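Structural overview for review
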Amino acid sequence: MNFRLDRISVLVVDDSPHMLNLLCDILRGLGINTIHTAQDAVDAFKEIKITRPNLVICDQAMEPICGIEFTRLLRTSQDSPDIHVPIIMVTGYCDTLTVLQARDAGVNEFLAKPISAKALYLRLLEVINNPRDFVKTKSYTGPDRQRRSS
Amino acid sequence: MDNAANQHPILYDMAEPEPVIYTPPNKLKDKVTLNGRIAGDGYDAEALARAEANAAALTDKLLQEAALDMARLEDARDKLDRHPSRRDEQFSELERIAHDITGYGTTIGFDLLTRFGRSLSLFLRRTEIGGTVKLKVARAHIDAMILVYRTPIRGLGGKNGEALTAMLNLTIDKFVSEP
């Protein structure tokens, strides 16, 4: 069945206003009405505390705290407002190292630039349809890094 | 702090404190209601079409931004020549502009801007490369990106695009291999 996405809330974190606009417009088109934005990791943390989004979409190459470090903080910090919130990371850098770092920080899904509405939609559906168990070890907190088909 | 790890079944040996695997509350799915129109995995072609239309509507704005970013690139290139003592700061600014262009290049039909913007961003992040080489390579990227925009070379540019990409790669290799 088709999902209605109008009740979910999303936080979009990107230091590029153009990308922020693009991501928000795509999300609105998909029927998501509650969209919060932040342009850096510090503001994003505050937004999550206040708005409690159901999903975070964040850019990887942000300053001064990059998206990977932001994810790690969100997953492991004692001050984290929601260690379980699903995170879709957007990046222009698709090298293996970056992908592994993002995965090991606790990212749920990875989305390569250039962004298309379809690619974002498919990641969103993946997070909804195939939520992963959470793993906690001394060195990692986040979604199970071994994908399982549902 | 959410302590759901303590509230869900632990699947591993309790004597060993790690790893702990548990199923967190699915707040996302809880809020997704069903239209009941089509059987499947939630894929809604109408919603996707709206989203794609929204993305397309941003194209004009991004084209205007591209014009501004090309001017910023030229300005950055001039500053690299004029103020060598502030090169690191200028490289950071250049990386930021290239990062922005990478994000929207393909969206406005300039795939080569995305390709060259990404290449420039990645190159400027390489800490083992010296400032002089970075300067030369940055100039080559900026020249290529301005050429793509002004010609204009749309999409991947066919044979011209391939030739330009090959030329840029050769230039990078040459500068990097210089003693």
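That block above? That's the structure.
These remarks concern the structure in this document. Quantities reported herein were computed from a predicted structural model and do not represent experimental measurements.

**Section: the pattern of salt bridges**
All names here are of chain B. This structure, assessed with the given rule, holds 17 salt bridges over all chains. In this structure, the salt-bridge partner of Arg72 is Asp69, at a minimum N-O distance of 2.5 Å. With Arg72 and Asp69 both in helix H3 (residues 59–82) and three residues apart, this pair spans about one turn of that helix. You can call Asp69 buried: its relative accessible area is 2%.

**Re the sheet that holds strand S4 (residues 55–59) of chain A**
As a general point, the strands of a sheet are linked pairwise by backbone hydrogen bonds and lie either parallel or antiparallel. Residue and element names in this part refer to chain A. Pairing is parallel across the open sheet formed by five strands, whose spatial order is S3-S2-S4-S5-S6. The sheet is open, and its two edges are formed by strand S3 (34–38) and strand S6 (109–112), each paired on a single side. Neighbouring strand axes in the sheet, compared pairwise and without regard to direction, differ in orientation by 20° on average. With four bridges joining them, S4 and strand S5 (residues 87–91) adopt parallel strand pairing. Bridge assignment links Ile57 to a residue of S5, and that residue is Ile88.

**Regarding the sheet that holds strand S7 (residues 134–136) of chain A**
An order of S8(A)-S7(A)-S1(B) is seen for the three strands of this open sheet, with the pairing classed as antiparallel. With partners counted over all chains shown, the strands left at the sheet margins are strand S8 (141–143) of chain A together with strand S1 (20–22) of chain B, one partner each. Neighbour to neighbour, the strand axes of the sheet diverge by 20° on average, direction disregarded. Taken together, the three bridges between S7 of chain A and S1 of chain B define a ladder with antiparallel strand orientation. By the bridge assignment for S1 of chain B, Val135 of chain A is matched with Ile21 of chain B.

**Focus: the packing of aromatic side chains**
Following the criterion strictly, the structure yields three aromatic pairs over all chains and no others. The interplanar angle of 75° and the centroid separation of 6.2 Å between the aromatic rings of Phe45 of chain A and Phe70 of chain A together place this pair among those described as edge-to-face. You can see Phe45 of chain A sitting in helix H2 (residues 41–51) and its partner Phe70 of chain A sitting in helix H3 (residues 67–76), a full 25 residues away along the chain. Here Phe45 of chain A matches Phe70 of chain A in class, with each residue buried. On the basis of an interplanar angle of 40° and a centroid distance of 5.6 Å, the ring pair of Phe110 of chain B and Tyr149 of chain B is categorised as tilted. Taken as a pair, Phe110 of chain B in the loop between helix H4 (87–104) and helix H5 (111–125) and Tyr149 of chain B in helix H6 (residues 131–150) lie far apart in primary sequence, 39 residues in all. On the basis of relative accessible area, Phe110 of chain B is assigned to the buried category, the value being 2%. The ring of Tyr140 of chain A carries the charged tip of Arg145 of chain A above its face, separated from the ring centre by 3.7 Å.

Quick notes on the rules
Residues numbered from 1 in each chain as written. Chains lettered and ligands numbered in written order. Predicted model: local features only at pLDDT ≥ 70, side-chain atom pairs only at ≥ 80, totals over all residues. Heavy atoms only, no water. Salt bridge = Lys/Arg side-chain N within 4 Å of Asp/Glu carboxyl O. Helix = DSSP H or I, 4+ residues; strand = E, 2+ residues; numbered from the N terminus. Buried < 20%, exposed > 50% of the residue type's maximum accessible area, 1.4 Å probe, protein only. Pairing = 2+ DSSP bridges. Axes fitted to C-alpha atoms, helices over the stretch in contact; angles between N-to-C directions. Phe/Tyr/Trp six-rings, centres within 6.5 Å; stacked < 30°, edge-to-face > 60°. Lys NZ or Arg CZ within 6 Å of the ring centre and 35° of its normal.

Don't take any of this as a statement about function, it's just geometry.
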